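Summary of structural features
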Amino acid sequence: MERINPSIDFDKRLYAHDIGASKAHCEMLAACGIVSQADGDAILTGLDRIMGEIEAGAFAFSRRREDIHMNVEARLAELIGPAAGRLHTARSRNDQVATDLRLWLRDTVDAAQLALRDLQAVLIDRAEQHASSVMPGFTHLQAAQPITLGHHLLAYVEMFGRDRGRLADARKRLNESPLGAAALAGTPYPIDRDRTAAALGFDRPAANALDAVSDRDFVLEFLAAAAIAASHLSRLAEELVLWCSAQFGFARLSDGFTTGSSIMPQKRNPDAAELVRAKTGRIVGALASLLIVMKGLPLAYSKDMQEDKEPLFDAADTLGLAISAMTGMMRDAEFDTGAMRSATERGFVTATDLADWLVRERDMPFREAHRVTGALVKCAEEAGCDLAGLPIETLRSIEPGLTEEVYDVLRVERAVAARDSYGGTAPRRVVEAVRSARERFL
Ligand code: ARG
């Protein structure tokens, strides 16, 4: 029992929120005349002292006292005597732990928001720098159409913006106070739940005591948002790994974010990116764990719910670490614009532009233009050159409507500039999108 039951080893990190919530509860009990002012004052002084002891590393956490709540209360009794026993009036560990966890998570969500914002700021700066650096855009990881690196990076700015939106939504819903729900049914004491809710910065007291102590959907919402954010981080990490390979050669991570190999002297391994990619597993795993813990629990509290904390803490720590590693990598990364530009010369990335030209200038139905361009690509493949490498006679032997003008159409800079619809990759649009992203996100 002593090994399976205690949670103090991990829930001690709730100490500041536990003590803060106890102080709010105690002030309310005194204000409502449920405990005397003298006892209330003694309790508050004792709680402050315990806070100091913990911060100073001078607090002896005990597994025999099971969890943070009982560790604090037991120490309070040592410090102030029997008045300590009055703190737990009109309260249960059930509403206490739910309150502590909401308070802790609220701070954690705020920190994650700031971290994501920092990452967005870096990505926006890099996008601005590379508003007109051309590279191949891919579908199926096959070169598709030329795009700008700025356009590519801003795609992630949008993703992380939605991640922040999900966190903000979760925060709104989690900000209700369980305190005073007591064990599950409320309490016969004349408490003031509005008062404690306001003191702790909650928007309101939770409306149903049974629900307040028995649900952890607020943790699940955070974990779901974290899992989605982690999957975005992982995709960007995967692209960095690809881009840093000799085969792509688009990017070079700084020495600070790479490691060498003990045997192959030429290696610069993108370990940090690989770890960001891998850490997604832990965060998604935390979401799956807690969903499974919760799904069959009858109302209200069961000890199963103590298993909410380790996955939550681990996921929150992991997310914070992954975001900050990604922020550092993206801030320091160097992009090889020459290599990205040359990569657009392979894979016929402007074939669509040629087809579009035939539609526009020769009034050809798109399907027919697609077929003609396909024939030209095949011809270039056989000749071992790019479309623009084919002489005009060859082009005209396949489609007599083609003129010298198409060589300009096939230039990637032109192809990129042409895509200047709203949200498109044209440098002009990217510059505009950078400005709007700064307004919306920073
Ligand atoms: N350590 C417990 C937890 O984390 C606190 C709540 C205990 N409540 C109870 N009725 N045993 O869930």
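Please read all numbers here as calculations on a predicted model, not as lab measurements.

What about the pairing of strand β2 (residues 142-148)?
Bridge count between strand β1 (residues 134-139) and β2: six bridges; the pairing is antiparallel. Looking at β2, one finds that P136 is bridged to P146. Where β1 hands over to β2, the hairpin turn is made up of two residues, of which H140 adopts a positive phi near 55°.

Structural notes on the site of the ligand
Around the ligand lies a shell formed by S7, D11, D67, H69, R93, N94, V97, Y301, Q306 and K309. Within the side chain of Q306, an N or O atom sits 2.8 Å from a nitrogen atom of the ligand. It is helix α5 (residues 93-129) that provides the largest number of residues to the shell around the ligand, a total of three residues. Here the shell around the ligand is composed, by residue class, of two nonpolar, four polar and four charged.

Some points on the packing of α5 against helix α18 (residues 427-441)
Two numbers describe how α5 lies on α18: the axes approach to 10 Å, and their chain directions differ by 160°. Classified by the interaxial angle, the pair formed by α5 and α18 is roughly antiparallel. Crossing of α5 against α18: the hand is left-handed. The residues of α18 that touch α5, namely those facing R117, Q120, I124, D125, A127 and E128, are V430, V434, A437, R438 and F441. Here the contact of α5 with α18 is built from residues that sort into six nonpolar, one polar and four charged.

Thoughts on the pattern of salt bridges
Under the definition given, this model contains 38 salt bridges. D110 is paired through a salt bridge with R171; the nearest N and O atoms lie 2.7 Å apart. Of the two residues, D110 is situated in helix α5 and R171 in helix α6 (residues 149-174); the sequence distance between them amounts to 61 residues. By relative accessible area, which is 29% here, D110 ends up partly exposed. The closest approach of N and O atoms between E432 and R429, which form a salt bridge, is 2.6 Å. With a gap of three residues between them, E432 and R429 both fall in helix α18, about one helical turn apart. Judged by its relative accessible area of 29%, E432 is partly exposed. Owing to a relative accessible area of 17%, R429 belongs among the buried residues under this scheme.

Some words on the environment of V293
Relative to the helices and strands, V293 resides in helix α10 (residues 271-294). Apart from residues lying up to four places away in sequence, V293 is in contact with D304 and E307.

Quick word on the state of the cysteines
Counted under the stated rule, the structure contains zero disulfides. The thiol of C385 is unpaired, and the distance to the nearest cysteine sulfur, on C379, comes to 7.6 Å.

Observations concerning a nonpolar patch on the surface
A contiguous nonpolar patch, built from L184, L210 and L299 and spanning about 270 Å² of accessible area, is present on the exposed surface. As for its position among the elements, L299 is in the loop between α10 and α11 (309-332). For L299, a relative accessible area of 61% translates into the label exposed.

Here we look at the side chain of R429
For R429, the side chain forms a polar contact with the main-chain oxygen of S421, separated by 3.4 Å. When neighbours within four sequence positions are excluded, R429 is seen to be in contact with D420, S421, Y422 and G424.

Let's talk about the environment of P311
Mapped onto the secondary structure, P311 falls in helix α11. Looking at P311, the relative accessible area reads 14%, which means it is buried. For the pair formed by P311 and A288, sequence separation is 23 residues and the distance between their alpha carbons is 9.5 Å. Not counting chain neighbours up to four residues away, the residues in contact with P311 comprise L223, A286 and S289.

Points about the packing of aromatic side chains
All told, the structure shown has seven aromatic pairs when counted by the stated rule. Where W243 meets F250, the ring centres are 6.3 Å apart and the plane angle is 45°; that geometry is what we call tilted. Ring geometry for W243 versus F335: centroids 6.4 Å apart, planes at 75°, classification edge-to-face. Taken together, the residues span a long stretch of sequence, with W243 in helix α9 (residues 217-243) and F335 in strand β6 (residues 334-335) at a distance of 92 residues. Judged by relative accessible area, which is 3%, W243 ranks as buried.

Some details on α10
A rise of 1.5 Å per residue sets the reference length of α10, with its 24 residues, at 34 Å; its end C-alpha atoms lie 35 Å apart and thus fit the reference within 8%. A272, A273, V276, K279, T280, I283, A286, L287, L290 and M294 are the residues of α10 that are buried. Looking at the buried side of α10, the elements it contacts are α8 (209-214), α9 and α11.

Brief notes about the packing of α9 against α11
Between α9 and α11, the least distance of the axes is 10 Å, while the angle of their chain directions is 30°. The angle between α9 and α11 falls in the class roughly parallel. Like other packed secondary-structure pairs, α9 and α11 cross with a definite hand, here left-handed. Facing V219, F222, L223, A226, A229, A230, L233, L236, A237 and L240 of α9, the residues of α11 in contact are P311, L312, A315, A316, L319, A322, I323, M326, M329 and M330.

Quick word on helix α4 (residues 68-80)
With 13 residues, α4 should cover 18 Å at 1.5 Å per step; its first-to-last C-alpha distance of 18 Å lies within 8% of that length. Those residues of α4 that are buried are in contact with α1 (8-11), α2 (15-31), α3 (37-55) and α5. Of the residues flanking the start of α4, the one acting as N-cap is D67, its side-chain oxygen 3.2 Å from the backbone nitrogen of H69. Two residues or fewer past α4, G81 is found with a positive phi of approximately 80°.

So, how was this worked out
Note that residues are indexed from 1 along each chain, following the sequence as it is written. For a predicted model such as this one, the threshold for reporting local features is a pLDDT of at least 70, and the threshold for listing and counting side-chain atom pairs is 80 or more; totals across whole chains, interfaces and linings nevertheless cover every residue. In computing side-chain values, all of the structure's heavy atoms are included and hydrogens and water are not. Note: two strands are recorded as paired if DSSP finds a minimum of 2 bridges between them. We count a stretch as a helix when DSSP gives it H or I for four or more residues in a row; a strand needs E for two or more, and each element gets its number in order from the N terminus. Any residue with a non-hydrogen atom lying within 4 Å of a molecule or strand is treated as near it. Residues adjacent in sequence count toward polar contacts only when both atoms are side-chain atoms; beyond that, a polar contact is any pair of N or O atoms within 3.5 Å, and within protein one must be able to donate a hydrogen and the other to accept it. In this classification, the charged set is Asp, Glu, Lys and Arg, the nonpolar set is Ala, Val, Leu, Ile, Met, Phe, Trp, Tyr, Cys and Pro, and all remaining amino acids, among them Gly, are polar. To obtain an axis, a line is fitted to C-alpha atoms, over the contacting stretch when the element is a helix, and the angle between two such axes runs from 0 to 180 degrees between their N-to-C directions. Should an angle fall under 35 degrees it is taken as roughly parallel, and over 145 as roughly antiparallel, whereas 65 to 115 is taken as roughly perpendicular and any remaining angle as oblique. Should the near helix be turned anticlockwise from the far one by less than a right angle, the crossing is termed left-handed; should it be turned clockwise, right-handed. Contacts are assigned to residue pairs with any non-hydrogen atoms lying within 4.5 Å of each other. Should a side-chain nitrogen of Lys or Arg be within 4 Å of a carboxyl oxygen of Asp or Glu, the pair is scored as a salt bridge. Buried means the residue's accessible area, taken with a 1.4 Å probe over protein chains only, is under 20% of the maximum for its type, while exposed means over 50%, and partly exposed covers the values in between. By convention in this document, the label disulfide applies to cysteine sulfur atom pairs within 2.5 Å. The patch calculation keeps residues exceeding 30% relative accessible area without a salt bridge and links them within 9 Å when they carry like charges or within 5 Å when they are nonpolar (Val, Leu, Ile, Met, Phe, Trp, Tyr). Calculation of accessible area relied on Shrake-Rupley with a 1.4 Å probe; when residues are assessed, cover is drawn exclusively from the protein chains displayed. Pairing of aromatic rings covers Phe, Tyr and Trp, the last through its six-membered ring, and needs centres within 6.5 Å; plane angles under 30 degrees mean stacked, over 60 mean edge-to-face, and all others mean tilted. For a helix, the expected span equals 1.5 Å multiplied by the number of residues minus one.

Take it as geometry only, folks, not as evidence of what the structure does.
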